[in-house]
Structure formats: C-alpha cells, structure tokens
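# Remarks on the overall topology
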Amino acid sequence: MTRLITLALALLLLSSPALAVTPIVADISNYRIDIDSGFNGTRIFLFGARNDSGDVVIVVRGPSKDYIVRKKEQIMGIWVNRSRMKFFDVPDFYAVASSKKLEDIMQTGAFNHLRIGQDNLFTPPSDPKQLIAFNEFSDAFLHYQHERKLYKQDPEPVSFMGETLFKTVIEFPDDIPPGNYTAEIYLLSGGQVVGMQSTPIHVVKSGLDAFLYMWAHSYPTLYGLAAVLMALTIGWFAGRIFEKI
Amino acid sequence: MNVYLPIAEMSVNIFVLLGLGTITGILSGMFGVGGGFLMTPLLIFMGVPPTVSVSTVANQIIASSVSGFLAHWRRDNVDFKMGWFLLIGGLIGSTLGVELFRWLKQLGYIDLIISVVYVVFLGTIGGMMALESVRTIMKIPRKSSHIDRPKLAQRLPFKVEFPKSKLHISAIMPIAIGIFVGGMVSLMGIGGGFFLVPAMIYLLGMPTGVVIGTSLFQIIFITANVTLLQAISTQTVDIMLAFLLLTGSVVGAQLGSKLGAKLPGEYLRALLAALALGVALKLGFGLFTPPSDIYSVGVVE
C-alpha cells in the first residue's frame, strides 16, 4: 500500500513543473507527529525525485540543546561523577540516510560545514591537548543517543526506483523529544551540493500528560499550588471518611 | 495497564504504583511514620529519577500527614505552640534544603548525595532502633533506668513556656531541630517523622502522647513548602505519580493502623528497624558497585 502511495506521489512530483528547474524535489508522508500516552514510536516515509545524477543524502534533525556528559570515577570505593564536558547546540534527534556510504560521497571537510554525519555535530577543541578527552566524551554522547535510538546513521539507505525516484524511511522511537524537526534532502554530485530542500516536521506532545508537562514548566507556581491542594484535599477526605468507619 | 508519568517521563504499570502506595501506607499506619523513607528508595529502584522521587514523595506525604493529624487533633494530642516553633525552623531548613538540592543537581552530585544521606541516617537510626528493640525483646536491662531531663534545652537562653507539653525550655532547640529536619525533608523525600519523633522525645523531653500529633502538624506545612519550592525551582514534582501513590497510601494507612494495634510495640520497632537497615544496605551497596555505564548525559539548564 505504502509503495503504491509513494509511487503515485512520486509520479505527481515528476509531472510538476517545479522539477524542470529544481535539481531535487522531495516530500514526506507526515508533517506532524503527535505524542500521546499510547505513543509507541512511528515512521515517516520520505520520497522524491532527482533531476540530475548524483547521490542523495537525507538528514533529519531534532531541536538543538546544550548537553553535559559526566564521567563517574571511583573515589574511596564510591562511584562519583568527576570529569565533565559540555557540548553546545547539539540536536537531540539525528538520523542520516544516504544512497551510498557517506565517506564515499564526499570529503569530510565539506560535510563538516553542513553538519552532515554524526561526527560533524561537535566543534573540536582548538587546543590539541584536549582532543583525547573530547573524543572520549563525544563518543560517550553518541553511544548514549544510539542506545536510546535517537541517533541513527544509515538507518535504512536511500533506495532508487529507476533513475529519478528515490525513497527512504525514518524511524522515530517512543521517547523522541518534542519540538521542531527538519528533514533536509541533499543532492550531491562530484563532491558538491547541487540541490537541497528542507521540510519541517512538528513533533507535538498531546493529551493529559502533555498538558501536565507543559503546565509544570510554564506555570510552576500554579502547578506546585495545585499539587499541594490535591494532596491536602485527598488527605482531608480520607481522614473524614475513615473516621466514620 | 500502563500510565505515562509526565515529569518522570516514563511509563509504569498503574497497579504497581497503587500497590506501592498501599504497602507504604500500611507501614506508615502501623509504625506512625510517614513511609517516605521506604517509598523514595523503592521509586528509585524502579527507575524513577531520584530527583523526581524525592520531590514527589514530599507531595504524597502531605496527604497522609493531614489524615493522621486530623485523628490526633480530635483526641487533643497536638501541642500547637511547640508545633509553631518547630515550623519556623522547618520552613527555614526546607527552603535552604531545596536551594541546596537545586545546586547539587546542577553540579551532577544530587543522586549521589541522596544515596549517601540515606545510607548514613537510615543506617544510624535503624541500627539504634534495632539495638533498642532487641534489648527490650531479650529483656536485657538498660544501664540507666531513668531518662535524664534534656539538659541542653534547659540551659540555652530565650526560654518559653509550653503548657501542653508541660515544658519550660529554650526556643532555640525546637527551631534548630526544625531547621535540621526541614533540610532532610528536601534532600531525602521523607516527612521527617523518623528524625522528629526521637528528637522531640530525647532532645526536647516532650511527653510521648503529643509527639506524633505535633510532628504530623508541622510535617504538613514542611512537605507543602518543599512541594511548592521543588515545583518552582526544579520542576521535579510529578502530580500524576503523587496522585497514584497517595490514593494507595491513604487506604493502606487505615489498614496499617488496625494491624499495628495487634502487634506488640517492640516487635513493630524491630520490624521497622530491619526495613530501615535493609534499605540503607541496598543503597549502600549501590554506591560501591560499578555502574552499568560510567558516562551519563544531561541537558544543561
């Protein structure tokens, strides 16, 4: 079924006049992901057409945050968080799919600039002495994100149907952070980016727990008062009810 | 049936939480303590973040303290004047405690400190209680048969009359005790009855009849203060988790008080001591066992 839809949509794209001028056109099956209490992860279908020969690289990024990675060491037998390193402006979701292995498509330098590939997400320290620690902590961060399935490199390669049409699937696990995501589709030829398109994906929490989460963070005083009031009321009622039994 | 906890950001079986609330409720009804010392570590063992456990259990304890307090108030077992003095200290201590909590959380030490504080205090009090109850059960006579009137509370200045407890002691003592216990409430996610009750008997010399009612009176305010401040400064109060836990615990507490009436006091205390020591040991081992991953990742706030 999904194959059919893709094919139909891809044909639609092909017939659109835009293709005549743009080297790459793409679209996704879903612009919005709703996280409710029954959310169990989802997948998004991405498809498009290229008007030029070349390799296709697709990058889906979540909202950026500043992260701190801590390392535990043993002090007098007790495991304590000791050394730490901060990484600024790192996406909390990151998935890359490509028609070939990234290193076969382009020199790392150019990818670095576009922040394509998970090794290009961090700015290495200028001081070479810190490089060993930097590598250790950034590897630990990537490992952590891979464990949680929030980072993926070559999740499912971009596959072609004929010369022009391509498609891929991006998987989203059940604990994806909410926010504005982007899907970037690049067409590369001879180590150069010849076409690029960017599409937003909105990941939104919904339902009661989303409301509580939003409330706790946006109106913390009111939330705290409500929590206190709830406990007081239930405690008082329980006292009254059991007094009569 | 699973329920998603919005602040803990995890999905937990609803009956596990109700059951946990009921069991700690039974214990609190039996022993007259809040049960936080058991609830918080059990939540941590279940995988709820320690910060969320501590703040949410404070919220839950409000409910059990209110229903307990009402029962003691009806029997006129509350020394309100003493309660107010303890409360002044308690509000100061818990406010400072939440600040300390926030600071330690930022530094990345909070999980460790929660465990260490638990091991030290639960281990000490549990150990003392175990010795005492074993002595009573084995009928080993105590070295001194009479309890000395607490000397420090008599000697310090600013003496105040407490007619209900028939005491004339320095106001500094209850305030100081309040500050200490308030700090512990913020750091450990307990009501503080565990510390407060022995302190009121041995340090203030209060008659045992009014001790529980008075401690519950001030615990209501302290846990309410901690809940509010944690909600504001660390956003770690999970209202959904608190609701499920306290639903179980208010029911359990009633069952517990009926069960408790059937068991002799020294056996109850021995049981409570064994529980406290068990939790302290489990947390203590956790400090020394190598973690599954030595790296941890957090968001910079």
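Residues numbered from 1 in each chain as written. Chains lettered and ligands numbered in written order. Predicted model: local features only at pLDDT ≥ 70, side-chain atom pairs only at ≥ 80, totals over all residues.

### Examining helix α1 (residues 14-31) of chain B
All names here are of chain B. Its 18 residues place the ends of α1 26 Å apart at the C-alpha level, agreeing with the 26 Å of an ideal helix rising 1.5 Å per residue. Among the residues making up α1, those that are buried are L17, L20, G21, T22, T24, G25, I26, L27, S28, G29, M30 and F31. Check the buried side of α1 and you find it contacts β2 (10-13), α2 (36-46), α3 (50-74), α10 (239-260) and α11 (265-288). (Helix = DSSP H or I, 4+ residues; strand = E, 2+ residues; numbered from the N terminus. Expected span 1.5 Å × (residues − 1). Buried ≥ 20, exposed ≤ 12 C-beta atoms within 10 Å, placed from the backbone. Contact = placed C-beta atoms within 7 Å.)

### Focus on the sheet that holds strand β12 (residues 192-205) of chain A
Residues and elements named next belong to chain A. In space, the six strands of this open sheet follow the order β2-β12-β11-β4-β7-β8, with mixed pairing throughout. Taken across any chain shown, the strands that pair with only one partner, and hence form the sheet edges, are β2 (32-35) and β8 (151-153). Taken pair by pair, the neighbouring strands of this sheet meet at an average axis angle of 15°, ignoring direction. The pairing of strand β7 (residues 94-98) with β8 spans three bridges and is parallel. Bridge pairing in β8 links Y94 to Y151. (Pairing = 2+ DSSP bridges. Axes fitted to C-alpha atoms, helices over the stretch in contact; angles between N-to-C directions.)

### Focus on the confidence of the model for chain B
All names here are of chain B. Summarising the model, chain B shows a mean pLDDT of 85, and 96% of its residues fall at 70 or more. Of all helices and strands in chain B, the one with the weakest mean pLDDT is helix α6 (residues 151-155) (72), whereas helix α4 (residues 80-107) scores best (92). Two numbers describe this predicted complex: its pTM, 0.78, and its ipTM, 0.86. (pLDDT = per-residue confidence, 0-100.)

### Considering the interface of chain B and chain A
With 41 residues of chain B at the interface, the matching set in chain A holds 40 residues. Secondary-structure elements contributing two or more residues to the side of chain B that touches chain A are α3, α9 (208-233), α10, α11 and β5 (295-299) of chain B. Element by element, the count of residues in the side of chain B that touches chain A is highest for α3 of chain B, at 10 residues. Residue composition of the side of chain B that touches chain A, by class: 30 nonpolar, 11 polar and no charged. Sheet topology places strand β5 (residues 64-75) of chain A next to β5 of chain B; five bridges connect them, and they run antiparallel. The residue bridging R70 of chain A from the neighbouring strand is S296 of chain B, located in β5 of chain B. (Nonpolar A, V, L, I, M, F, W, Y, C, P; charged D, E, K, R; others polar.)

### A look at the sheet that holds strand β9 (residues 159-161) of chain A
The pairing of strands in a sheet comes from backbone hydrogen bonds and takes either a parallel or an antiparallel form. Residue and element names in this part refer to chain A. The four strands are arranged β1-β3-β10-β9 in an open sheet whose pairing can be described as antiparallel. What marks the edges here is a single partner per strand, and that holds for β1 (24-28) and β9. With strand direction ignored, the average angle separating the axes of adjacent strands in the sheet is 25°. Of the pairings in the sheet, the one linking strand β3 (residues 42-50) to strand β10 (residues 165-172) comprises eight bridges and is antiparallel in character. Across the sheet, residue F47 finds its bridge partner in β10, namely K167.

### Digging into the packing of α4 of chain B against helix α7 (residues 172-188) of chain B
Packed helices, taken two at a time, are described by the angle between their axes plus the distance between the axes. Residues and elements named next belong to chain B. Running from N to C, α4 and α7 point in directions that differ by 40°, and their axes come no closer than 6 Å. As summarised for this structure, α4 and α7 are arranged oblique, according to the angle between their axes. Crossing of α4 over α7 shows right-handed handedness. Here the contact of α4 with α7 is built from residues that sort into 19 nonpolar, nine polar and no charged. (Parallel < 35°, antiparallel > 145°, perpendicular 65-115°, else oblique. Left-handed = near helix turned anticlockwise from the far one by under 90°.)

### Re the environment of F31 of chain B
Residues and elements named next belong to chain B. By the element assignment, F31 lies in helix α1. Placed 247 residues apart in sequence, F31 and G278 show a C-alpha to C-alpha distance of 16 Å. The contacts of F31, once residues within four sequence positions are left out, are G260, L268 and L272.

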